[in-house]
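One-letter residues, chain by chain:
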Amino acid sequence: MKTKSVPPSGARGLNVVKVGGNIIEKEEDLQAFLDAFSALPEPKILVHGGGKLATQLAERLEIPVQMINGRRITDAETVEVITMVYGGKVNKSIVAGLQARDCNAIGFSGADGNTILSVKRPVKEVDFGFVGDVVGVNAKLIRELTQIGITPVFCAITHDGKGQLLNTNADTIACELAIGLSEYYEVTLNYCFEKAGVLLDIQDENSVVKDIDTKKYADLLKDGIIADGMLPKLENCFYALKGGVHKVQLGKPEMLHHTTINFTTLRL
């Protein structure tokens, strides 16, 4: 565990928002999300991935797509594909959409401004290739950007400081940015995706667990409510809280303005 960041007394609030791939890939949903995000007060940071779009391009280029337990194997050709998709098409389309809404955004990978430094994931049972695990966030530079009215938009690419780009989980990037900026701001980390939050019944959108603390989390784990893809997301959430993030929210984009009562808030 990293040293817990503690914002100064009376620190301003900052929203770090990660938008899920299922929203990005549907044009109507993406435009609605950009409306909601651009209406948030500054300062704010956006993080996105784009995995399905990268898979589609790889298939068109006849580049094999290898997945193990839902995680992408990133060889040299795949690094090129994700750079084109994440850092190119998706990132710049989002930035252009925000500019159209008077939100002065700049697109970033972790290499830009040395904002997010990673190490290549060590080979254990599986060699994931050029996949990065975050080891450092340049929170001071990012804070300076937010102070002059810039909204950083981060794609799911970092670097190792030696010239190698690395595919990096977007949820993790959002988490690490939130922890890093907690030194300066009271940070709310928002995971926006197609579900209304943590659900007791995956088929019932009205079964949202509205508040989860450490004890409730343990109970949900024990009962098997949190499993599969939600498990690493919740692990990131509590890692962020223990690192100094004020609170974490999960749900549909409407939660950014509390226009729906159905979303999940996590606190220690």
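Residues numbered from 1 in each chain as written. Predicted model: local features only at pLDDT ≥ 70, side-chain atom pairs only at ≥ 80, totals over all residues. Heavy atoms only, no water.

## Re the UniProt feature "binding site: substrate" (unreviewed entry) in the chain
The positions that UniProt labels "binding site: substrate" (unreviewed entry) are, in the present scheme, Gly50, Gly51, Arg72 and Asn167. Across 118 residues of sequence, these annotated residues stay compact in space, with a maximum C-alpha separation of 12.1 Å. Position of Gly50 relative to the elements: it lies in the loop between strand S2 (44–48) and helix H3 (51–60). Using a relative accessible area of 2% as the deciding quantity, one classes Gly50 as buried. Sequence-distant contacts of Gly50, that is, excluding residues within four places in its chain, are made with Val85 and Tyr86. The residue Arg72 is located in strand S4 (residues 71–72) in this model. Dropping the residues within four chain positions of it, Arg72 is found in contact with Gly51, Ala54, Thr55, Val65, Gln66, Met67, Thr78, Tyr86, Phe128, Val131 and Asn167. (UniProt positions renumbered as here; feature names shortened; annotations may be inferred. Helix = DSSP H or I, 4+ residues; strand = E, 2+ residues; numbered from the N terminus. Buried < 20%, exposed > 50% of the residue type's maximum accessible area, 1.4 Å probe, protein only. Contact = heavy atoms within 4.5 Å.)

## So, the sheet that holds strand S5 (residues 105–108)
Sheet strands pair by backbone hydrogen bonding; their relative direction is either parallel or antiparallel. Here we have eight strands laid out as an open sheet, ordered S5-S8-S2-S1-S11-S13-S14-S12, and mixed in their pairing. In the strand order of this sheet, the two ends are held by S5 and strand S12 (211–212), each with one partner. The pairing of S2 with strand S8 (residues 151–154) spans two bridges and is classified as parallel. Directly across from Leu46, in S8, lies its bridge partner Val153. Across the sheet, helix H4 (residues 76–99) is in contact with S2, S5 and S8; its angle to S5 comes to roughly 170°. Taken strand by strand, helix H5 (residues 139–147) contacts strand S1 (13–19), S2, S5 and S8, and its axis lies near 130° from that of S8. (Pairing = 2+ DSSP bridges. Axes fitted to C-alpha atoms, helices over the stretch in contact; angles between N-to-C directions.)

## Focus on the pairing of S2
The element S2 is largely enclosed, with a buried count of five among its five residues. Alignment of S1 against S2, held across five bridges, turns out to be parallel. Counterpart to Val19 in the pairing with S2 is His48.

## Topic: the packing of helix H7 (residues 214–222) against helix H8 (residues 230–242)
The interhelical angle for the contact between H7 and H8, taken along N-to-C directions, is 165°, at an axis separation of 12 Å. The angle between H7 and H8 places the two elements in the roughly antiparallel class. Read as a crossing pair, H7 and H8 show a hand that is left-handed. Taken together, the residues of H8 that come into contact with H7 (itself represented by Thr214, Tyr217 and Leu221) are Leu231, Leu234, Glu235 and Phe238. Residues of the contact of H7 with H8, tallied by class, amount to five nonpolar, one polar and one charged. (Parallel < 35°, antiparallel > 145°, perpendicular 65-115°, else oblique. Left-handed = near helix turned anticlockwise from the far one by under 90°. Nonpolar A, V, L, I, M, F, W, Y, C, P; charged D, E, K, R; others polar.)

## Brief notes about the UniProt feature "domain: Aspartate/glutamate/uridylate kinase" (unreviewed entry) in the chain
The positions UniProt marks with the feature "domain: Aspartate/glutamate/uridylate kinase" (unreviewed entry) are residues 15–250. With 39% helix and 22% strand, residues 15–250 has its two end C-alpha atoms placed 13 Å apart.

## A closer look at the environment of Gly70
When you line up the elements, Gly70 lands in the loop between strand S3 (67–68) and S4. Judged by its relative accessible area of 61%, Gly70 is exposed.

## Some points on the pattern of salt bridges
For side chains bearing opposite charge, pairing can occur when the charged atoms are close. Following the criterion strictly, the structure yields eight salt bridges and no others. A salt bridge links Asp171 to Lys18; its shortest N-O distance comes to 3.1 Å. With Asp171 in helix H6 (residues 170–181) and Lys18 in strand S1, this pair connects stretches of sequence that are 153 residues apart. Neither Asp171 nor Lys18 differs from the other in exposure class; each is buried. Salt bridges sharing common partners tie together Lys18, Asp171 and Lys233. (Salt bridge = Lys/Arg side-chain N within 4 Å of Asp/Glu carboxyl O.)

## Examining the packing of helix H2 (residues 27–38) against H4
Relative orientation of the contacting elements H2 and H4 amounts to 55°, with a least axis distance of 10 Å. By the criterion of interaxial angle, the relationship of H2 to H4 is oblique. The hand of the H2/H4 crossing is right-handed. Taking contact as the criterion, the partners of Leu30, Leu34, Phe37 and Ser38 in H2 are, on H4, Ile94, Gly97 and Leu98. Residue composition of the contact of H2 with H4, grouped by class: five nonpolar, two polar and no charged.

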